[in-house]
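Read off the chains here:
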Amino acid sequence: MVEQRHKPGVSPEWIQEQLSGFADLEHRKLQASSDEAELLYIKSVTDGQSISQAVIAPFYEMDSGEAYGAYLGGLPGSHTEVDGKQALELMLGGSACIRSGSRIFICELPKAEAGAVRETVTESVSQGPSDALGEDLTVNLNLIRRRYQSAQLKLEMTVIGNISRTKTAILYDESRVDHRVLAELKERLDTLQIDVLQAAGELDKYISGDKVRIFPKTIVTERPDRVVFNLAEGKVAVMLDTAGYAIILPAIFNDFFTAMDDKIHLPVVGRFLKLLRILGVVLTLWLPALYVAFTSYNPEIVRVQIALLIAGSRATVPYPSFVEVLIMLLMMEFLTEASLRLPRAIGPTATTVGGLILGQAATAAGLVGNIMIILVSVVAISNFMIPLNMMSFSIRVLKYFFILAAIATGLVGVVCCLVGFTAYLCSQRSFGQPYFKLFALESAGSGKKGSGEK
Amino acid sequence: MTKNRYYFWLILMNSLINIVNFVPRELIDGRFTGAQASIPLAVAAGTLLTLLFTAVIRKFPGMGVPEIFTATLPKFTVPPLLMVFGLLWCIAGLITLLSFVDITLRFISPDTGPLLVLISFLAVVCFSVRIDSHSLLYTLEMMLGISLPLIVYATIKAVMTPSFCWDSVLQTFTYSLHAPNWHSFLASTFSFSGYINLAIFNRVFQQLKLKPFHFVLVALQGLVVLLLSLFVPIGFFGTAAVEKHIYTWFSTADSIRIETFIIERMLFIFYMAYLTLSLVSIIIHWHVGKELLLSLFPAPKRKAAKARKWQEASILAGFCAAAVILMRLDQYELNTFGVIFLDVRWYGEIALLLLLLYCYAVTRRRSL
């Protein structure tokens, strides 16, 4: 066989240097009596079984290094003449780099986790990838690495929890990440003293710092494509073994209203959908409060026909409007919570009993007005238009503040509440980034990190 | 860093808020005695002041007035000066607050107790005043984003209404050649005094780069707002009857009917827009006032947070107490109070500008 000189530069050392900061990089030296070989691969994207069967076992079975070299050269998907760029691409795509003697082989032994991956449950999209992060960290890393094949994607591993010893992976794109955020995150993780850590949302609670919080400051997601998208925007992802969800930080208010299928749709449609979501938030926050304000304080604000309509539908209702609103909203919250806990087989019962019978009977009995029922349904439905659960829950709680303000001083209270919460949101920082800003998207898009959003 | 546009928002906020602070009243009172001629003069003077003040304070990047004063002026002069300016800002917020409480009681909820309305305003304001300057600018931008479209809509709707009497407006224009009126002039310059908030907000503007174009914009928006705030009520109520209203603009908004919306009276949309804007304006003014007064206290050395909180709380308690006490003023007194403030404010602005020029001269001399 003609001695092939490998291109200068491509060597396991060189690759290792390029892939520094990869906690899942495996570097092995194989030593037999006369020969030795070197093996380098990324654990999360290569198939460990194939490596031991096709690469390691033959090394010990073959007589000489030359025979082993010939064997590797003949392996399907093996490359010998590659330049640095190709070599990196191959490595990131799931190859092992083997040095036997003076020769370098790069053999494709990719791992694609398919069997163990479940489908998304909490963040479904209409047309798009449906893989969800699982509870196994290596599977998750495989899912991410396959979608983000860059040597800049660094991975650091730590362990959190004195008892649970939860393996934690910190992922970030070195060239795009804000290093101050990264340093702050590491510092907070280092000072974290807890016994048991079992869920991603829990970690969010510990690292965000503030005692009283209404709004989430990290995204908890189960979608690998969301993780990848955010990594490309320069954010940091933290993944836990056994958690099933990743958290992404820093997250600003706007991020919670981006669904992953916004980019699938045509631009106009995408904008429209986003607008719908914001409208949904406005409705779910304001409708009950405005109902109280309009019926109890300022009926003259709305058109006289509407005022009469509301008054007509409330003719039989024996208590003030805010009692009506609170009763119906609480009913709705009970239904939401109950249908979450119920076994799947009985689930529909709750909706039937709650939605149909209760709604109908309550109005027929004159306990609540018809309009109130419509309003509660609007509030409930529009609340769940928010793509990320954490935010949707925050908004769910927030609307009661607005109702309380409306009970206290009517329309004035609602507007005061709006100003107060805007000021509060603006004062928040997520790892040093302003949480709430007009034109937040524009400023994020014009920066150098904008390549994730296209 | 903070961008230039926030500087513009500060000016725009003050400019829009003028209709709550009795500026249209002063203009309308002078409509036969030279208000028309004072407006262009005020635009020139206001833009000039804005230009000068910005130019001076830019020489102290990242510094607020307290820092500049302590660095350059003799020790014993600093506390009284800061005290006076702090009180001026406090009063600026107070007038907006009190007149808005009055507007609320008169137009929106006459049944609600005045104290309840005042307390709910104070609660929001005191909560938000303590937020850092950066975030307040974001809040201001957000609130302008909500209220500005509504205000523009209300104004366009007003001018487009068929019952808008252009003849009255034209008739008022026939008094344009009357020599300018000092009070109307002072009142109109209020529209430009948004820049003065830089006294504290300059701390967050690191590189404020302003081109001549920006000042043209400042002048233009001031001119448009002033002309509108004088002439739209006249178009609605007529040349003579317009003086019978205290809150001229809210009465104007109450005269507009929206034919095709679930809210029929423009007043409520206008009120909501102005309520948000006024609250933000009070917050910004009191924030500046609070920061000025706060610098009177010795800076706590360590474990700063707690002592600082108490100082803040005591200042704000003072502000709130002033608000509650001044609630006793009736409408007429409040109006007089507001007009006096409009005059005093002008001299205060000039004084601050001169002081800063002096400070700049001192630093120049020192550095030579």
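What counts and what doesn't
All chains use their own residue numbering, which begins from 1 and follows the written sequence. Chains and ligands are labelled by the order in which they are written, letters from A for the one and numbers from 1 for the other. Where local features are concerned, this predicted model is filtered to residues with pLDDT of at least 70; where side-chain atom pairs are given and counted, the filter is 80 or more; whole-chain, interface and lining totals use all residues. To get the side-chain values, take all heavy atoms of the structure and skip hydrogens and water. For helices the rule is a DSSP run of H or I covering at least 4 residues; for strands it is a run of E covering at least 2, with both sets numbered from the N terminus onward. For the radius of gyration, the atom set is restricted to C-alpha positions; the globular benchmark scales as 2.2 Å times the number of residues to the power 0.38. Each residue gets one of three labels from its accessible area relative to the maximum for its type: buried under 20%, exposed over 50%, partly exposed in between, using a 1.4 Å probe on protein chains only. Only heavy atoms enter the contact rule, under which two residues are in contact if any of them lie within 4.5 Å. Each pair of strands is called paired provided DSSP finds at least two bridges between the two strands. Axis angles are defined between N-to-C directions and span 0 to 180 degrees, where every axis is a line fitted to C-alpha atoms and, for a helix, only to the segment in contact. Cavity means a closed set of points on a 1 Å grid over the protein atoms alone, one where a 1.4 Å probe fits but cannot get out, pocket means an open set with protein on both sides within 12 Å along at least 5 of 7 lines, and lining means a residue has an atom within 4 Å of a point. Grid points are joined across faces, edges and corners, and a volume is the space filled by probe spheres set on the points. Basically, the charged four are Asp, Glu, Lys and Arg, the nonpolar ten are Ala, Val, Leu, Ile, Met, Phe, Trp, Tyr, Cys and Pro, and anything else, Gly included, counts as polar. Only buried residues count toward a nonpolar core, which is a set of Ala, Val, Leu, Ile, Met, Phe, Trp, Tyr and Cys residues joined through side-chain atoms within 4.5 Å. Reported domain spans reflect what an automatic or database domain assignment gives. Any Lys or Arg side-chain nitrogen found within 4 Å of a carboxyl oxygen on Asp or Glu counts as a salt bridge. Here a crossing is taken to be left-handed if its near helix is turned anticlockwise relative to the far helix by less than a right angle, and right-handed if that turn runs clockwise. Here's the idea: put two parts together, see how much 1.4 Å probe accessible area each one loses, and the total over both is what we call buried area. Throughout this description, a polar contact denotes any pair of N or O atoms lying within 3.5 Å of each other; where both atoms belong to protein, one of them has to be capable of donating a hydrogen while the other can accept it, and for residues adjacent in sequence the pair is counted only when both atoms sit in side chains. Given the number of residues in a helix, its expected span is that number minus one, multiplied by 1.5 Å. A residue's pLDDT is the predictor's confidence in that residue, given on a scale from 0 to 100. In this description, the term disulfide denotes a pair of cysteine sulfurs within 2.5 Å.

Asks: Mind showing me how you'd approach the overall build of chain A here?
Replies: Each helix and strand counted, chain A has 16 helices and 12 strands in total. For 454 residues, the compact-globule estimate of 2.2 N^0.38 gives 22 Å, and the C-alpha radius of gyration of chain A, at 28 Å, exceeds that figure by more than 25%. Viewed in the frame of its principal axes, chain A has a C-alpha envelope of about 95 × 45 × 45 Å. Residues classed as buried in chain A amount to 51% of the 454 residues present. Look at the contacts in chain A between residues 6 or more apart in sequence, and 68% of them connect residues 24 or more apart.

Asks: What's the story with the sheet that holds strand 3 (residues 78-79) of chain A in this structure? I'm lost.
Replies: Residue and element names in this part refer to chain A. Spatially, 1-2-4-5-3 is the arrangement adopted by the five strands of the open sheet, whose pairing is antiparallel. Edge positions in the sheet fall to strand 1 (25-31) and strand 3, since each of these pairs with one other strand and no more. With six bridges joining them, strand 4 (residues 95-100) and strand 5 (residues 103-108) adopt antiparallel strand pairing. When the sheet's bridge partners are listed, R99 is paired in strand 5 with I104. Strand contacts of helix 4 (residues 84-94): strand 2 (36-42), strand 3, strand 4 and strand 5, with the helix running at about 120 degrees to strand 4, the strand carrying the most contacts.

Asks: Any chance you could explain the layout of surface pockets here in plain terms?
Replies: Unoccupied space between atoms shows up once a probe the size of one water molecule is rolled over them. Residue and element names in this part refer to chain A. The calculated volume of the second largest pocket comes to roughly 690 Å³. Lining the second largest pocket are 21 residues, with V121, T122, L340, F384 and N389 sitting closest to its centre. Put simply, the parts of the chain that give the lining of the second largest pocket at least two residues each are helix 9 (267-297), helix 11 (321-341) and helix 14 (389-409). In terms of residue class, the lining of the second largest pocket is made up of 11 nonpolar, six polar and four charged.

Asks: When you look at the nonpolar core in this model, what are you seeing that I'm missing?
Replies: The tendency in soluble globular proteins is for nonpolar side chains to be buried side by side. Of all hydrophobic cores here, the largest spans 213 residues; its most connected members are F402(A), F69(B), F121(B), F205(B), F250(B) and Y274(B). Examining the composition of this core, we find that 21 residues originate from one element, helix 13 (residues 266-294) of chain B, more than from any other. Residue contributions to this core reach at least three from each of two domains, namely domain 2 (137-250) and domain 3 (265-430) of chain A. Discounting residues that sit within four places of it in the chain, Y274(B) has contacts with L16(B), I17(B), I19(B), V20(B), F100(B), I151(B) and F250(B). I170(A), L185(A), V220(A) and L240(A) belong to the second-largest nonpolar core, a separate cluster that totals 22 residues.

Asks: Where do I start with the pattern of salt bridges in this structure?
Replies: Oppositely charged side chains can pair when the atoms bearing their charge come close. Residues and elements named next belong to chain B. Tallying each qualifying case throughout the model produces 36 salt bridges over all chains. Ionic pairing is found between K157 and E259, a salt bridge with its closest N-O pair at 3.1 Å. With K157 in helix 7 (residues 133-160) and E259 in the loop between helix 12 (248-254) and helix 13, this residue pair connects regions lying 102 residues apart in the sequence. Judged by relative accessible area, E259 falls into the partly exposed class, the value being 44%. Through salt bridges with shared partners, a single ionic network connects E67, R130, R203, K290, E291 and E312.

Asks: In this structure, what is going on with the packing of helix 3 (residues 35-57) of chain B against helix 11 (residues 212-237) of chain B? I would like to understand it.
Replies: Each packed pair of helices is defined by two parameters, the angle between the axes and the distance between the axes. Residue and element names in this part refer to chain B. Direction vectors running N to C along helix 3 and helix 11 enclose 150 degrees, while the axes themselves pass 10 Å from each other. Remark: the crossing between helix 3 and helix 11 carries right-handed chirality. Contacts between helix 3 and helix 11 pair Q36, I39, V43, T47, T50, L51 and T54 from the former with F215, V218, A219, L223, L226, L227, L230 and F231 from the latter. Considering only residue class, the contact of helix 3 with helix 11 consists of 11 nonpolar, four polar and no charged.

Asks: Help me understand the interface of chain B and chain A in this model?
Replies: If you look at the interface, chain B gives 41 residues, while chain A gives 29 residues. For the pair chain B and chain A, the two sides together bury roughly 2900 Å², of which 72% comes from carbon and sulfur. If you sort the residues of chain B by the area they bury against chain A, Y138(B), M142(B) and M272(B) come out on top, with a joint share of 19%. Where chain B touches chain A, the interface holds two salt bridges. With its nearest N and O atoms 3.8 Å apart, the salt bridge here joins E264(B) to R303(A). Remark: the boundary between chain B and chain A carries seven residue pairs in polar contact (both at pLDDT 80 or more). Elements represented by at least two residues in the side of chain B that touches chain A include exactly helix 1 (4-17), helix 5 (78-108), helix 6 (114-129), helix 7 and helix 13 of chain B. Broken down by element, the side of chain B that touches chain A gets its largest block of residues, nine residues, from helix 7 of chain B. Looking at the side of chain B that touches chain A, its residues break down into 22 nonpolar, 11 polar and eight charged.

Asks: Please clarify how the pairing of strand 5 of chain A should be interpreted in this entry.
Replies: For a regular strand, the rule is simple: side chains alternate between the two faces of the sheet. Residues and elements named next belong to chain A. Judged by how many residues are buried, strand 5 sits mostly within the fold: five of six residues are covered. Pairing between strand 3 and strand 5: two bridges, direction antiparallel. Residue pairing in the sheet places S78 in a bridge with C107 of strand 5.

Asks: In this structure, what is going on with the sheet that holds strand 8 (residues 219-221) of chain A? I would like to understand it.
Replies: Strands pair in a sheet through their backbones, by hydrogen bonds, and they do so in one of two ways: parallel or antiparallel. Residue and element names in this part refer to chain A. Here we have five strands laid out as an open sheet, ordered 6-7-9-10-8, and antiparallel in their pairing. Of all the strands in the sheet, just strand 6 (153-160) and strand 8 have a single pairing partner and so form its edges. When strand polarity is set aside, the average angle formed by the axes of neighbouring strands in this sheet is 25 degrees. Its contacts with the sheet put helix 5 (residues 137-147) on strand 6, strand 7 (166-173) and strand 9 (236-240), and the angle it makes with strand 9 is roughly 150 degrees.

Asks: Can you help me understand helix 13 (residues 370-383) of chain A in this one?
Replies: A turn of α-helix holds 3.6 residues, and therefore any two residues three or four places apart point the same way. Residue and element names in this part refer to chain A. An ideal rise of 1.5 Å per residue puts 20 Å on 14 residues; helix 13 measures up with 20 Å between its terminal C-alpha atoms. Buried residues of helix 13: I371, M372, L375, V376, V379, A380, S382 and N383, and no others. In the core, the buried residues of helix 13 are packed alongside helix 9, helix 10 (304-313), helix 11 and helix 14.

Asks: How should the pairing of strand 2 of chain A be read in this particular structure?
Replies: Residues and elements named next belong to chain A. With six of seven residues buried, strand 2 lies mostly within the body of the structure. Between strand 1 and strand 2, which follow one another and run antiparallel, lie four residues. Two strands pair when backbone bridges link them, and strand 2 and strand 4 are joined in this way by five bridges, in the antiparallel orientation. Opposite L40, over in strand 4, you have C97 as the bridge partner.

Asks: What is the right way to read the side chain of S150(A) from this model?
Replies: Within the secondary structure layout, S150(A) lies in the loop between helix 5 and strand 6. At 2.9 Å, the side chain of S150(A) forms a polar contact with the backbone nitrogen of Q152(A).

Asks: Even after reading the chapter, I still don't get empty space enclosed by the protein, so can you show me in this structure?
Replies: All names here are of chain B. A complete count under the given rule lists three cavities of 30 Å³ or more for this structure. Of the pockets and cavities examined, the largest cavity occupies roughly 170 Å³. Forming the walls of the largest cavity are 16 residues, and the residues nearest its centre are W89, I196, F341, R345 and E349. Elements that contribute at least two residues to the lining of the largest cavity include exactly helix 5 and helix 15 (331-367). Here the lining of the largest cavity takes five residues from helix 15, the largest share from any one element. Of the residues in the lining of the largest cavity, the class split is eight nonpolar, six polar and two charged.

Asks: Help me understand the confidence of the model for chain A, please; the structure alone is not making it clear to me.
Replies: One rule of thumb: low pLDDT means the predicted coordinates there are not for detailed reading. Residue and element names in this part refer to chain A. Residues of chain A with pLDDT of at least 70 account for 93%, and the chain-wide mean is 83. Low pLDDT, under 50, characterises residues 1-7; the predicted model gives this stretch 10 contacts beyond four residues in sequence or across chains. Segment residues 442-454 is flagged for pLDDT under 50; beyond a separation of four residues in sequence, or across chains, it makes 17 contacts in the model.

Asks: What exactly am I supposed to notice about the state of the cysteines here?
Replies: Linking two cysteines covalently via their sulfur atoms produces the bond known as a disulfide. In this structure the tally under the stated criterion is zero disulfides over all chains. Cysteine C417(A) shares no disulfide, and the gap to the nearest cysteine sulfur, in C416(A), comes to 8.3 Å. Take C126(B): it sits in no disulfide, and the sulfur closest to it among the cysteines is that of C320(B), at 3.3 Å. Given the relative accessible area of 17%, C126(B) is considered buried.

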